[in-house]
Amino acid sequence: MSAATTPLREIAKVIRSKNAGPFEITLDIVFKTKEDFEAVRQSGVITKELVSQLYNVPTQNIITFGFFDLINAVKITLPRARAQGGVGETDMHAAQQHVPLQEIRVPWPVVS
Amino acid sequence: MAACGQVNMATASNDEIRILTPSGMLGYGFPVDHFRRGLALKPHAITIDSGSTDSGPQKLGKGEMTCSREAYVKDIEVLLQAQHETRIPVLISSAGGDGTNLHVDVFRDIIAEIAKRRGWQFKLASIYANIDKAHIARELRAGRVEPLGPVPPLDPREIDAATVVVAQMGAEPFLKALDESEGVDVIVSGRAYDPSPTAAMAIRAGFDPALAWHMGKIMECGALCAEPVGRNVMGYLRQDHFEIEPLNPEERCTTASVAAHTLYEKTHPFLLPGPGGTLDLSQCKYEQVTDRRVRVSGSRFIPSNPYTVKLEGAKTSGYRSIFIAGARDPIFIAQIDGLLEKVFAATRAYFSDVPPETYRIIPHLYGKNGVMGDLEPVTTPAHELCIIVEVAAATQSLATAICGKARTTLMHAPYPGRIATAGNLASPFTPLEIPLGEACEFNVYHLMKVDSPTALFPIRYEEIRA
């Protein structure tokens, strides 16, 4: 395996965040190909522990975390820091909370 | 004529039901030429949702609608014109965005006005979704109300505090409305699970509920499942599969775009809980039929026992005012956090007669961490900041007064190394303090067990005449 790494934003087709109802935020990483999806999965970089660290949420509070073969996607759902749209809201639609995922670096290109 | 809905369903083929959905959100507008292209394909019904919690709690909390009345009139007139020409039923769900009784009646009035102006007549069913608070309190005491996801258990005081509480109806109230009278041409409903109108039409025609729910789940977003995303979409439901195709010839559905659609705004990509059960898409098969059309099979529906509905409610929580100001001085920007702490402490000291727990002062620092707050990984601020200070208090005038005190204190606050002694802030707007009106927050988001999927959702029938 090469020592070089690349941020996910240069590999994935979609990296986004959005409300899933007023009390949850959901994050999607969709890959262009099955090969890219598998390579990132195999790298072992994307874990519950990493999500816990990036989003300051205990691993046991992560609602959904998974690699989904059928759609070549990683899906992560977390409790919202506060109920959507109340006092102190910074992102009504939670549409701009994805950036820490963009910056995750994975070993790339994959050298077999 | 009153029986038109039924006549259409009776003449629908046993092999296929076609549903046309012009948009994922009534009131956002949709290309009418593509909609009419869809009508030429002889759909058996038109369904469209107007519901969402996504733009915030102020709809439920203050009775606001997602779109303007004018926008709803525009879209609804296109739908009623289609109904008048084709006599197929039109089903509109979650009136106004929150689906309260108030907004069902607004939609009902819009529909009656258009019919009067255009000289149309038809049979209308209005289905209501406000839930009696005393009923919820009783069910809560009986242990039949539970949190939905990461939500605290329901406190009976929150039921009282909510402006209104609605429940998301399933397909059953629509089925009841379609069956109960001599045939209904137009249905406008209060809060509904978004796929319910489409699922109801397909279930009523005898098709597999799992496929009906899955097709409804995709179509409730219009052509969001296409590439590029669009508005008008047509669904073809058959015995063991359904097909989906956008009506804009520039758009295409692909196996990837349709399969990935259920990621969007959902907790889980394959398990979609709704009224009466959970849709399981983990075993689905997606096939490319043409370069623009996808066939879906293998959807499963797991009924829940007992039947549950989702309750939604919001309350008002005081008033807010903000100020907006720029900062460009690097000496000031480097000390912003400590300075704000001092300014807010001074502001609180000045308002020592106001109980401190009754108001909040919250900074939003764009250029530093305004979007992500504590989660922001970048620690170096930008060369200029947009500072927004949000104050929430019991009355509008108090919120504005606290906000004003915080602004003037920050404007003139001394700090180490200060050489710009005339003022710390660049203010773009007047009023310098901006009143935002009442704040709202979601306070009911719970599942309630019900004995009957229809009993909580009363239906009113009427003949609309010119």
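It should be emphasised that the depicted structure is a prediction, and the values quoted were computed from it without experimental measurement.

A. Focus on the packing of helix α9 (residues 196-204) of chain B against helix α10 (residues 209-219) of chain B. Residues and elements named next belong to chain B. Put simply, α9 and α10 touch, their axes get as near as 8 Å, and they point 150° apart. Here α9 runs over α10; the crossing is right-handed. Here α9 contributes Ser196, Thr198, Ala199, Ala202 and Ile203 to the contact with α10, which in turn contributes Pro209, Ala212, Trp213, Met215, Gly216 and Met219.

B. Here's a closer look at the interface of chain A and chain B. Counting residues at the interface gives 37 residues for chain A, matched by 39 residues for chain B. Across the chain A to chain B interface the summed buried area is about 3100 Å²; carbon plus sulfur atoms make up 65%. If you sort the residues of chain A by the area they bury against chain B, A:Phe23, A:Leu70 and A:Val87 come out on top, with a joint share of 22%. As a salt-bridge pair, A:Lys18 and B:Glu265 come within 2.5 Å of each other at their nearest N and O atoms. Between the two partners, chain A and chain B, sit 15 residue pairs in polar contact (both at pLDDT 80 or more). Those elements that provide at least two residues to the side of chain A that touches chain B are β2 (12-19), β3 (24-31), β4 (64-68) and β5 (73-79) of chain A. Partitioning the side of chain A that touches chain B into residue classes produces 16 nonpolar, 14 polar and seven charged.

C. Inspection of the pattern of salt bridges at higher detail. All names here are of chain B. Throughout the structure, instances matching the rule amount to 39 salt bridges over all chains. Among the salt bridges present, the one from Glu139 reaches Arg144, with a minimum N-O distance of 2.5 Å. Close ionic contact of Lys315 with Glu158 constitutes a salt bridge, the shortest N to O distance being 3.1 Å. Here Lys315, found in strand β15 (residues 307-327), pairs with Glu158, found in helix α7 (residues 156-161); they are 157 residues apart in sequence, far enough to count as distant. Given a relative accessible area of 16%, Lys315 falls into the buried group. Its relative accessible area of 23% is what places Glu158 among the partly exposed residues. Among the charged side chains, a network of salt bridges with common partners joins Glu16, Arg18, Arg238, Glu243, Glu245, Arg292, Arg293 and Arg295.

D. Local environment of the layout of surface pockets. For the second largest pocket, the calculated volume is near 780 Å³. Looking at the second largest pocket, it is lined by 31 residues, and the ones nearest its centre are A:Ala81, A:Arg82, B:Met372, B:Gly373 and B:Asp374. Where the lining of the second largest pocket is concerned, the elements lending two or more residues are β5 of chain A together with α13 (336-350) and β16 (360-366) of chain B. For the lining of the second largest pocket, the per-class residue count stands at 15 nonpolar, eight polar and eight charged.

E. Looking closely at the pairing of strand β12 (residues 285-288) of chain B. Residues and elements named next belong to chain B. Looking at chain direction, β12 and strand β13 (residues 294-297) are connected through four bridges and run antiparallel. Each bridged residue has a counterpart across the sheet, and for Tyr286 the counterpart in β13 is Val296. The hairpin turn running from β12 into β13, its antiparallel successor, is five residues long.

F. A look at unusual backbone geometry. Residue and element names in this part refer to chain B. The omega torsion of the bond from Glu227 to Pro228 falls at -10°, within 30 degrees of zero and hence cis. Pro431 follows Thr430 through a cis peptide bond whose omega is -5°. For Pro431, the location among the structural elements is in the loop between α14 (396-412) and β18 (434-450). With a phi angle near 55°, Ser94 is a residue other than glycine that sits in the positive phi range. Located in the positive-phi region is Glu265, a residue other than glycine, with phi close to 60°. Turning to its location among the elements, Glu265 is positioned in the loop between α11 (255-261) and β10 (271-274).

G. Geometry of the environment of A:Arg105. All names here are of chain A. Along the chain, Arg105 turns up in strand β6 (residues 105-107). For Arg105, a relative accessible area of 46% translates into the label partly exposed. Put simply, Arg105 and Thr64 are 41 residues apart on the chain and 22 Å apart in space, counted from C-alpha to C-alpha. Once residues within four sequence positions are removed from consideration, Arg105 is found in contact with Thr5, Thr6, Pro7 and Val45.

H. Local environment of the nonpolar core. Residue and element names in this part refer to chain B. Membership of the largest hydrophobic core comes to 71 residues, with the highest contact counts inside it found for Ile187, Leu237, Ile244, Val258, Leu311, Met448 and Phe457. It is α10 that contributes the most residues to this core, six residues altogether. Sequence-distant contacts of Ile187, that is, excluding residues within four places in its chain, are made with Val90, Leu91, Ile92, Ala125, Ile127, Phe174, Ala177 and Leu178. One finds Leu20, Phe107, Ile114 and Tyr236 within the second-largest nonpolar core, a separate group that totals 38 residues.

I. Geometry of the sheet that holds strand β2 (residues 45-49) of chain B. Residues and elements named next belong to chain B. Within the open sheet, the ten strands sit side by side as β12-β13-β9-β8-β1-β2-β3-β7-β4-β19. Their pairing is mixed. Each edge of the open sheet is held by one strand with a lone partner, namely β12 and β19 (459-464). Here the average twist between neighbouring strands, direction ignored, is 20°. The pairing of strand β3 (residues 90-93) with strand β7 (residues 186-189) spans three bridges and is parallel. Looking at the pairing, Val90 lines up with Val186 of β7. Packed onto the sheet, helix α5 (residues 101-118) meets β3, β4 (122-127), β7 and β19 and runs at close to 170° relative to β4. Where α10 meets the sheet, its contacts fall on β1 (17-21), β8 (233-237), β9 (242-246), β12 and β13, and the angle it forms with β8 comes to roughly 175°.

J. Main features of the packing of helix α8 (residues 172-180) of chain B against α9(B). All names here are of chain B. One way to put it is that α8 packs onto α9 with a least axis distance of 8 Å and a crossing angle of 50°. Regarding the angle of α8 to α9, the classification is oblique. Crossing angle aside, the handedness with which α8 passes α9 is right-handed. In contact with Phe174, Leu175, Leu178 and Asp179 of α8, α9 contributes Ser196, Pro197, Ala200, Met201, Ile203 and Arg204. Here the contact of α8 with α9 is built from residues that sort into seven nonpolar, one polar and two charged.

What counts and how
- Residues numbered from 1 in each chain as written.
- Chains lettered and ligands numbered in written order.
- Predicted model: local features only at pLDDT ≥ 70, side-chain atom pairs only at ≥ 80, totals over all residues.
- Heavy atoms only, no water.
- Axes fitted to C-alpha atoms, helices over the stretch in contact; angles between N-to-C directions.
- Helix = DSSP H or I, 4+ residues; strand = E, 2+ residues; numbered from the N terminus.
- Left-handed = near helix turned anticlockwise from the far one by under 90°.
- Contact = heavy atoms within 4.5 Å.
- Buried area = accessible area lost by both parts, 1.4 Å probe.
- Salt bridge = Lys/Arg side-chain N within 4 Å of Asp/Glu carboxyl O.
- Polar contact = N/O pair within 3.5 Å; in protein donor to acceptor, adjacent residues only side chain to side chain.
- Nonpolar A, V, L, I, M, F, W, Y, C, P; charged D, E, K, R; others polar.
- Buried < 20%, exposed > 50% of the residue type's maximum accessible area, 1.4 Å probe, protein only.
- 1 Å grid on protein atoms, 1.4 Å probe; cavity = no way out; pocket = protein on both sides within 12 Å on 5 of 7 lines; lining within 4 Å.
- Points joined across faces, edges and corners; volume = space filled by probe spheres on them.
- Pairing = 2+ DSSP bridges.
- Core = buried A, V, L, I, M, F, W, Y, C linked by side-chain atoms within 4.5 Å.
- Parallel < 35°, antiparallel > 145°, perpendicular 65-115°, else oblique.

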